[in-house]
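# Fold and geometry: a report
So the chains spell out like this:
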Amino acid sequence: LLRPADKATNPLNKDLDWEGINAFCEQLNKELEGPPLATRLLAHKIQSPQEWEAIQALTVLELCMKSCGKRFHDEVGKFRFLNELIKVVSPKYLGSRTPEKVKSKILELMYSWTLGLPHEVKISEAYQMLKKQGIVKCDPKLPDDAPFPPPPPRPKNIIFDDEEKSKILARLLKSSHPEDLRAANKLIKEMVQEDQKRMEKISKRVNAIEEVNNNVKLLTEMVTNYSKGETTESNEDLMKELYQRCERMRPMLFRLASDTEDNDEALAEILQANDNLTQVINLYKQLV
């Protein structure tokens with residue numbers, strides 16, 4: 001996790017590195033110790049004397065809270081982590097030398113979590129304590145998208161989120177018998193392999209849809225500008241090749257659709273890509 005954390009919060013970044021931020025979120029979801037390790041790394045970077053590094057770390061924290069689910073929420077909702085945030089805003093600790101922008105972002109996040117995650121009671125307690133101490137004069141005004149909805153239910157078998165396997169794993173890890181620890185190690189490997197397969201499936205789908213959309217866009221432009229007798233032979237050949245490629249992509253999309261029945265959003269993307277493909281194939285047949 002250290003490498004993606006450094007990339008996502010590098011003070012030399014000119015803008016927010018969304019690719020790095022997403023990579024950090026994905027990595028912490030994959031690792032058994034991801035959430036506790038991630039919060040320790042982020043706490044250190046949020047306390048950086050460099051304002052831009054701290055702001056980037058808070059952006060990473062905000063995105064992880066929105067997309068990494070209950071395991072991460074539980075870790076942020078512990079006093080161990082909340083105290084690290086309190087240090088940054090409290091004049092008793094680092095507050096007197098922390099930039100205002102960093103302090104106000106921390107208070108904004110804490111307030112949004114009290115609204116979005118009311119069951120994480122320690123977050124609310126920490127925020128109320130800051131109010132009593134006069135560090136929070138009034139509740140910050142939140143951007144429209146701040147109080148976040150709970151993340152959508154994640155599909156079964158996602159690493160360490162399969163409740164049954166997680167319970168078995170917790171029991172095995174508590175044991176002092178070597179055979180139980182060997183079984184835990186085997187189970188972790190199986191869960192990691194399952195997750196890698198799931199990630200490969202997602203990557204394959206995303207790349208396939210992108211390829212379809214690129215071919216559809218190019219062929220649509222060429223067919224729209226086609227004029228019989230005026231379009232060059234090389235352009236006609238290219239159009240024909242693109243058309244044939246689009247035809248070959250249809251069975252691939254059907255296979256993807258049958259493999260994605262448990263994810264409505266992904267299925268909608270595939271069906272939309274298939275509609276676009278059908279339209280451009282019909283347009284080519286009609287005009288060329």
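Residues numbered from 1 in each chain as written. Predicted model: local features only at pLDDT ≥ 70, side-chain atom pairs only at ≥ 80, totals over all residues. Heavy atoms only, no water.

This brings us to the environment of Leu41. Note on placement: Leu41 falls in helix α3 (residues 34–46). Contact partners of Leu41, with chain neighbours within four places excluded, come to Leu1, Leu2, Ala5 and Phe24. (Helix = DSSP H or I, 4+ residues; strand = E, 2+ residues; numbered from the N terminus. Contact = heavy atoms within 4.5 Å.)

With respect to the helices and strands, Ile209 occurs in helix α10 (residues 178–224). Taking the C-alpha atoms as reference, Ile209 lies 9.0 Å from Asn274; in sequence the two are 65 residues apart. Discounting residues that sit within four places of it in the chain, Ile209 has contacts with Glu269, Ile270 and Ala273.

What follows covers the UniProt feature "domain: VHS" (unreviewed entry) in the protein chain. Taking the UniProt record as the reference, the feature "domain: VHS" (unreviewed entry) is found at residues 8–138. Overall, residues 8–138 shows 71% helix and 0% strand. The separation of its end C-alpha atoms is 31 Å. (UniProt positions renumbered as here; feature names shortened; annotations may be inferred.)

Where helix α1 (residues 2–9) meets helix α2 (residues 18–30), the axes come as close as 8 Å, and the angle between the chain directions of the two elements is 155°. As the angle between them shows, α1 and α2 are arranged roughly antiparallel. Of the two possible hands of crossing, α1 and α2 adopt the one that is left-handed. Mapping the contact onto sequence places Pro4, Ala5, Lys7 and Ala8 in α1 and Gly20, Ile21, Ala23, Phe24 and Gln27 in α2. Considering only residue class, the contact of α1 with α2 consists of six nonpolar, two polar and one charged. (Axes fitted to C-alpha atoms, helices over the stretch in contact; angles between N-to-C directions. Parallel < 35°, antiparallel > 145°, perpendicular 65-115°, else oblique. Left-handed = near helix turned anticlockwise from the far one by under 90°. Nonpolar A, V, L, I, M, F, W, Y, C, P; charged D, E, K, R; others polar.)

What follows covers the packing of helix α6 (residues 79–89) against helix α8 (residues 121–132). Relative placement of two packed helices is described by the angle separating their axes and the distance separating the axes. The interhelical angle for the contact between α6 and α8, taken along N-to-C directions, is 25°, at an axis separation of 10 Å. It follows from the interaxial angle that α6 and α8 lie roughly parallel. In the packing of α6 onto α8, the handedness of the crossing is right-handed. Packed against α6, whose contacting residues are Phe79, Leu82, Ile86 and Val89, the element α8 presents Lys122, Ile123, Glu125, Ala126, Met129 and Leu130 at the interface.

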